[in-house]
Amino acid sequence: MNAHNGTSPATLTSALDIALAESVKTALPTTLGELGDLVRIPSVAWDGFDHALVQRSAEAIADLARGTGVFENVSISHARLPDSDELGQPAILATRPAKNGAPTVLLYAHHDVQPPGAEADWDTPAYEPTVIGDRLYGRGAADDKAGVMSHIAAIRALRDAAGEDFDLGLTLFIEGEEEFGSRSFANFLVQHRSELAADAIVVADSNNWDELTPALTVALRGNVTFRLTVRTLDHASHSGMFGGAVPDAMLATVRLLDTLWDEQGSVAVAGLISRDAQTPAYDEAQLRAETGLSEGVSPIGTGSILGRIWDKPSISITGIDAPSVQNASNTLIPAVSVRVSVRIAPGQDAEQAAEAIATHLRAHAPYGAQLSIDDVDTGSPFLVDTSHPLVAAAKQAMADAWQVAPVELGIGGSIPFIADLVREFPEAAILVTGVEDPHSRAHSPNESLHLGVFERSTLAEALLLGRLNESAGK
Ligand SMILES: [Zn+2]
């Protein structure tokens, strides 16, 4: 599984590593108690929910940040929403400048949560932290209040092991509206640029490979979505009268859309790139089970299954405006609109991808059909430069904390705010880690955190911080 990935785990032997591990372990019951207190605050940032609770959650986390005793400044701030005078939800920003040439690390997580959904779908109360077996259940227990607490616990471990006067620069940035589209995120980055500047940015909001195998998320696909309208007639007319002599818009649309894929269902648009990377083993049976692929239907694409999802483009038609079946009459349809949703490979520029798709569609419009493309939305993909020394340091810390080499993970979806981070801080190593595992059910009822994963992820972060701090003095 990790053939492409040279990191091998080493036993913790240095005094520093042992002290960090000891601190994380000893503090674990307290840390989990504090996590439970955060889960009890229903901090949903969506419209229509009580935003006083998001504020209360922010205050609780600001108190935790102050309580570490390592920050010079801890504040709660709101940035403006784009093109509006309205403010976004409260974020916590805690800073401590680096000393003696040490690097600065920015630790990101978010304290808002998804709405709970239907109460009846939960086996335990959504906002009552409940331990069953080796998992802690509750909304936000994993996504992402556990990310918040793993930062707090790692900072405390560093303080316990290295003393309060350590050299490492630290910034804690806990966002308050990630689940509501990170609307004020870009403005926050611009307003607080100098406080947020860092050599490494740890984004603790992703997944691990499984309960026993850590992962560093190194690739995220981007997206291009738009509405395509195909017109062939100025008005509808009787299909019996003129059918067979003039094309209806549905005929033109079906034939045009068909050019987007080849026989195997792979994307066939010139200019959309694929990335060449090794992927962990994942077989067709697993794909069938996870997607509910119907009996007798084959998968599409070529190459490794995860490579198709992580490293190649895909195109889906996700909506169509045309007469409904119930309202169908014997009419040549004059115009059809479809929503086209394109996932683009890591490494591709989103604007260029949008251009390539538009060029393809115009070149393939059958019968000279008139096309219009509007409502375009693009999101940049993300690709980590895994040769960055801080990426190597993060992977080694994971390997040593888990005693298993980490998987370099791709994600077929997007985390849009990461593109904002990359744009603002192109020099920083962006380390996308996380406390989730494939059973965490983030966003769903019965969300949970695996307690062993939490301890190992926290230790990995503590080792990274401790080692970066120590190496700076040498
Ligand atoms: Zn999250």
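Note that this is a predicted model, so its numbers are computed, not measured. Every residue gets a number counted from 1 within its own chain, in the order that chain's sequence is written. Totals for whole chains, interfaces and linings use all residues, but because this is a predicted model, local features are given only for residues with pLDDT of at least 70 and pairs of side-chain atoms are given and counted only at 80 or more. Hydrogens are left out, water is left out, and the side-chain values use all remaining heavy atoms of the structure.

Trainee: Would you mind going over the overall build of the protein chain with me for this structure?
Mentor: Think of it this way: any DSSP run of H or I at least four residues long counts as a helix, any run of E at least two long counts as a strand, and we number them from the N terminus. A tally of regular secondary structure across the protein chain gives 13 helices and 18 strands. For the protein chain, whose C-alpha radius of gyration is 25 Å, the value lies close to the compact-globule estimate of 23 Å for 474 residues. Along the first, second and third principal axes, the C-alpha atoms of the protein chain reach 85 × 50 × 45 Å. The cut-offs for exposure are 20% and 50% of the maximum accessible area for each residue type, with area from a 1.4 Å probe on protein chains only; residues under the lower value are buried, those over the upper are exposed, and the others partly exposed. Looking at the protein chain as a whole, 51% of its 474 residues qualify as buried. Each radius of gyration reported is based on C-alpha atoms, and the globular scaling rule is 2.2 Å times the count of residues to the power 0.38.

Trainee: Hey, could you run me through the coordination of the zinc ion in this one?
Mentor: Reference values for angles at a metal are 109.5 degrees in the four-donor tetrahedral case and 90 or 180 degrees in the six-donor octahedral case. With distances of 1.9 to 2.7 Å, the protein atoms coordinating the zinc ion are His110 (NE2), Asp143 (OD), Asp205 (OD) and Asp205 (OD). Seen from the zinc ion, its four donor atoms lie at angles of 52 to 148°, and the figure they make is irregular. Keep in mind that water is not among the atoms, so a site may look incomplete; donors are the N, O and S atoms within 2.8 Å of the metal, or 3.2 Å for Na, K and Ca. Of note, the donors binding the zinc ion are all from one chain and are spaced H-x32-D-x61-D. Of this pair, His110 sits in strand 3 (residues 104–110) while Asp143 sits in the loop between strand 5 (135–137) and helix 3 (145–162), and the two are 33 residues apart along the sequence. With relative accessibility at 0%, the residue His110 sits in the buried group. Here the metal geometry follows the donor angles, with tetrahedral for four donors whose angles all fall between 85 and 135 degrees, square planar for four and octahedral for six when opposite donors are more than 155 degrees apart and every other angle is between 65 and 115, and irregular for all the rest.

Trainee: What am I meant to see in the environment of Gln286 here?
Mentor: Structurally, Gln286 can be placed in helix 8 (residues 284–291). In sequence terms Gln286 and Asp349 are 63 residues apart; their C-alpha atoms lie 31 Å from each other.

Trainee: Can you walk me through the sheet that holds strand 13 (residues 335–344) in this structure?
Mentor: Across a sheet, paired strands are connected by hydrogen bonds in the backbone, their directions being either parallel or antiparallel. Two strands form a pair only when DSSP identifies at least two bridges running between them. The strand order across the open sheet built from four strands is 11-13-9-14, with neighbouring strands paired in antiparallel fashion. The open sheet has two free edges, formed respectively by strand 11 (314–321) and strand 14 (370–379), since each of these has just one partner strand. The average angle at which neighbouring strand axes cross in this sheet is 20°, direction not considered. In the sheet, strand 9 (residues 222–231) pairs with strand 13 via 10 bridges, with the strands oriented antiparallel. Considered in strand 13, the bridge of Asn223 is made with Arg343. To get an axis, fit a line to the C-alpha atoms, keeping to the stretch in contact for a helix; angles then go from 0 to 180 degrees between the N-to-C directions.

Trainee: Mind showing me how you'd approach the packing of aromatic side chains here?
Mentor: The geometry of an aromatic ring pair is captured by two quantities: the separation of the ring centres and the angle between the planes. Between 30 and 60 degrees the pair is tilted, below 30 it is stacked and above 60 it is edge-to-face, where a pair is any two Phe, Tyr or Trp rings, Trp via its six-membered ring, whose centres lie within 6.5 Å. Counted under the stated rule, the structure contains six aromatic pairs. Their ring planes at 40° and their centres at 4.7 Å tell us that Tyr108 and Phe417 sit as a pair that is tilted. Pair noted here: Tyr108 is in strand 3 and Phe417 is in helix 12 (residues 416–424), with a separation of 309 residues, a long-range link. Since its relative accessible area comes to 1%, Tyr108 is described here as buried. For the ring pair Phe173 and Phe188, a centre distance of 4.8 Å and an interplane angle of 10° mean the geometry is stacked. Pair noted here: Phe173 is in strand 6 (residues 169–175) and Phe188 is in helix 4 (residues 185–191), with a separation of 15 residues, a long-range link.

Trainee: Teacher, can you tell me more about unusual backbone geometry here?
Mentor: Negative phi characterises most residues that are not glycine, and trans characterises most peptide bonds. Each neighbour pair has its own omega, and for Asp143 with Asp144 the value is 5°, a cis peptide bond. Position of Asp144 relative to the elements: it lies in the loop between strand 5 and helix 3. The backbone of Asn100 sits at a positive phi, close to 55°, despite the residue not being glycine. With respect to the element layout, Asn100 can be found in the loop between strand 2 (91–96) and strand 3.

Trainee: Please clarify how the pattern of salt bridges should be interpreted in this entry.
Mentor: Pairs may arise between side chains of opposite charge once their charged atoms sit close together. Here a salt bridge means any side-chain nitrogen of Lys or Arg lying within 4 Å of a carboxyl oxygen belonging to Asp or Glu. Summed over all chains, the structure comprises 19 salt bridges. Across the pair Asp165 and Lys99 runs a salt bridge whose closest N-O atoms are separated by 2.6 Å. Separated by 66 residues along the polypeptide, Asp165 in the loop between helix 3 and strand 6 and Lys99 in the loop between strand 2 and strand 3 bring together distant segments of the chain. In this structure, the salt-bridge partner of Asp420 is Arg423, at a minimum N-O distance of 2.9 Å. Taken as a pair, Asp420 and Arg423 lie in helix 12 at a separation of three residues, close to a single helical turn. Among the charged side chains, a network of salt bridges with common partners joins Asp17, Asp400 and Arg467.

Trainee: How should the pairing of strand 17 (residues 429–433) be read in this particular structure?
Mentor: Taken residue by residue, a regular strand's side chains alternate between the two faces of the sheet. Among the five residues that make up strand 17, five are buried, leaving the element largely enclosed by the rest of the structure. Relative to strand 17, strand 7 (residues 200–204) is paired through five bridges, and the arrangement is parallel. By the bridge assignment for strand 17, Ala204 is matched with Thr433.

Trainee: Where do I start with the domain arrangement of the protein chain in this structure?
Mentor: Domain ranges listed in this record stem from an automatic or a database domain assignment. Splitting the protein chain by domain gives domain 1 (15–219 + 382–472) and domain 2 (222–275 + 312–379). Averaged C-alpha coordinates put domain 1 and domain 2 at centres separated by 40 Å. Counting residues at the interface gives six residues for domain 1 and six residues for domain 2. Overall, the association of domain 1 and domain 2 removes approximately 430 Å² of surface from exposure, summing both partners, and the carbon and sulfur fraction of that is 53%. Computed with a 1.4 Å rolling probe, the buried area is the accessible surface lost when two parts are put together, summed over both parts. Together, Ala219, Leu383 and Ser414 form the three largest contributors to the area buried by domain 1 at its contact with domain 2, with a combined 67%. For the pair domain 1 and domain 2, the interface holds zero salt bridges. Here a polar contact is taken to be a pair of N or O atoms separated by no more than 3.5 Å, where protein atoms must pair a possible hydrogen donor with a possible acceptor and residues adjacent in sequence count only if both atoms sit in side chains. Counting across the interface, domain 1 meets domain 2 through zero residue pairs in polar contact (both at pLDDT 80 or more). Any residue that is not Ala, Val, Leu, Ile, Met, Phe, Trp, Tyr, Cys, Pro, Asp, Glu, Lys or Arg is counted as polar, Gly included; the first ten are nonpolar and the last four charged. Across the side of domain 1 that touches domain 2, the residue classes tally to three nonpolar, three polar and no charged. Pairs of residues are marked as contacts when any of their non-hydrogen atoms sit within 4.5 Å.

Trainee: What should I look at first to understand a nonpolar patch on the surface in this one?
Mentor: Residues Met241, Phe242 and Val246 make up a contiguous nonpolar surface patch of about 300 Å² in total accessible area. For Met241, a relative accessible area of 62% gives the class exposed. In this analysis, a patch consists of residues with relative accessible area above 30% that form no salt bridge, clustered at 9 Å for like charges and at 5 Å for the nonpolar side chains Val, Leu, Ile, Met, Phe, Trp and Tyr. In these tables, accessible area is a Shrake-Rupley quantity obtained with a 1.4 Å probe, and a residue counts as shielded only by the protein chains included in the view.

Trainee: What should I look at first to understand helix 13 (residues 451–472) in this one?
Mentor: Within an α-helix, residues lying three or four positions from one another point in the same direction, as the helix has 3.6 residues per turn. Helix length check: helix 13, at 22 residues, gives a terminal C-alpha distance of 32 Å against a target of 32 Å (1.5 Å per residue), a fit within 8%. Counting buried positions along helix 13 gives 16 out of 22 residues, so the element sits mostly inside the fold. Any helix carries an expected span of 1.5 Å times its number of residues minus one.

Trainee: What should I look at first to understand the sheet that holds strand 4 (residues 130–132) in this one?
Mentor: Spatial ordering of the open sheet is given by 4-5-18, a layout of three strands whose pairing is antiparallel. At either end of the open sheet lies a strand with only one pairing partner, and these are strand 4 and strand 18 (448–450). Shown here is a sheet whose adjacent strand axes are inclined to one another by a mean of 25°, direction ignored. Looking at chain direction, strand 5 and strand 18 are connected through three bridges and run antiparallel. If you follow Tyr137 over to strand 18, its bridge partner there is Ser448.

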